[in-house]
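Fold and contact review
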Amino acid sequence: MSLETLHTDHAPKAIGPYAQAVKANGFLFTAGQIPLHPVTMEVVDGDVAAQTEQVLANLSAVLAEAGVTWNDVVKTTCFLRTMDDFAAFNGVYARVLGEARPARSTVAVAGLPRNVSVEVELIAALPAR
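Report follows, based on the coordinates. (Residues numbered from 1 in each chain as written. Predicted model: local features only at pLDDT ≥ 70, side-chain atom pairs only at ≥ 80, totals over all residues. Heavy atoms only, no water.)

**Describing the pattern of salt bridges**
When the charged atoms of two side chains lie near each other, side chains of opposite charge can form a pair. This model, assessed by the stated rule, comprises one salt bridge. Between Glu 53 and Arg 95 there is a salt bridge, with the nearest N and O atoms lying 1.9 Å from each other. Of this pair, Glu 53 sits in helix α1 (residues 48-66) while Arg 95 sits in helix α2 (residues 86-97), placing them 42 residues apart in sequence. (Salt bridge = Lys/Arg side-chain N within 4 Å of Asp/Glu carboxyl O. Helix = DSSP H or I, 4+ residues; strand = E, 2+ residues; numbered from the N terminus.)

Structural data, given as structure tokens:
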């Protein structure tokens, strides 16, 4: 099996020993994205809706770099600091994903990097070569 790492300047660079995404066996696996602005590498201001916008913009950039869209996403895993934010998160998620309906898990966690409110990772199917 060959692994290929992926990087785009349109999403935050990795802040640790990991890749933004890895291509393997016809799939794209992303690292969790938090609401970092890709240029400033600072957490965006605002509530969970604003943070979700940035997280999904970051993931959209990674998808674009891989040559796929939200319609190719088969699974997302979403981490919220509190389930009290679920409705606001879900509203942004539904709007950004449009007609795409990947399988999804959403869990509340005790903490996230840089004390953000949301983190999302995904798996997408890559086009056949």
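**Remarks on the pairing of strand β5 (residues 103-108)**
As judged from the six bridges shared by strand β4 (residues 73-80) and β5, these two strands associate in the parallel manner. Opposite Lys 75, over in β5, you have Ala 103 as the bridge partner. In this view, the connection linking β4 to its parallel neighbour β5 by way of α2 has right-handed handedness. (Pairing = 2+ DSSP bridges. Right-handed = clockwise from strand over helix to strand, strands pointing away.)

**Brief notes about the layout of surface pockets**
The calculated volume of the largest pocket comes to roughly 150 Å³. Contributing to the lining of the largest pocket are 13 residues, with Ile 15, Tyr 18, Gly 32, Gln 33 and Ile 34 lying nearest its centre. A breakdown of the residues in the lining of the largest pocket according to their chemical character gives eight nonpolar, three polar and two charged. (1 Å grid on protein atoms, 1.4 Å probe; cavity = no way out; pocket = protein on both sides within 12 Å on 5 of 7 lines; lining within 4 Å. Points joined across faces, edges and corners; volume = space filled by probe spheres on them. Nonpolar A, V, L, I, M, F, W, Y, C, P; charged D, E, K, R; others polar.)

**Things to note about the packing of aromatic side chains**
Aromatic rings in a pair are described by how distant their centres are and how their planes are angled relative to each other. If you walk through the whole model with that rule in mind, you get two aromatic pairs. Considering the side-chain rings of Phe 27 and Phe 29, the 6.3 Å spacing of their centres and the 55 degrees angle between planes classify their relative orientation as tilted. For Phe 27, a relative accessible area of 33% translates into the label partly exposed. A centroid spacing of 5.5 Å and a plane angle of 40 degrees characterise the contact between Phe 89 and Tyr 93, whose relative ring orientation is tilted. One end of the pair, Phe 89, and the other, Tyr 93, are both in helix α2, four residues apart, so they sit about a helical turn from each other. (Phe/Tyr/Trp six-rings, centres within 6.5 Å; stacked < 30°, edge-to-face > 60°. Buried < 20%, exposed > 50% of the residue type's maximum accessible area, 1.4 Å probe, protein only.)

**As for the packing of α1 against α2**
Where α1 meets α2, the axes come as close as 8 Å, and the angle between the chain directions of the two elements is 35 degrees. Crossing geometry of α1 relative to α2 is assigned as right-handed. Residues Val 48, Ala 49, Thr 52, Glu 53 and Leu 56 of α1 touch α2, and the partners they reach there are Ala 88, Phe 89, Val 92, Tyr 93, Arg 95 and Val 96. Residues that form the contact of α1 with α2 fall into these classes: eight nonpolar, one polar and two charged. (Axes fitted to C-alpha atoms, helices over the stretch in contact; angles between N-to-C directions. Left-handed = near helix turned anticlockwise from the far one by under 90°. Contact = heavy atoms within 4.5 Å.)

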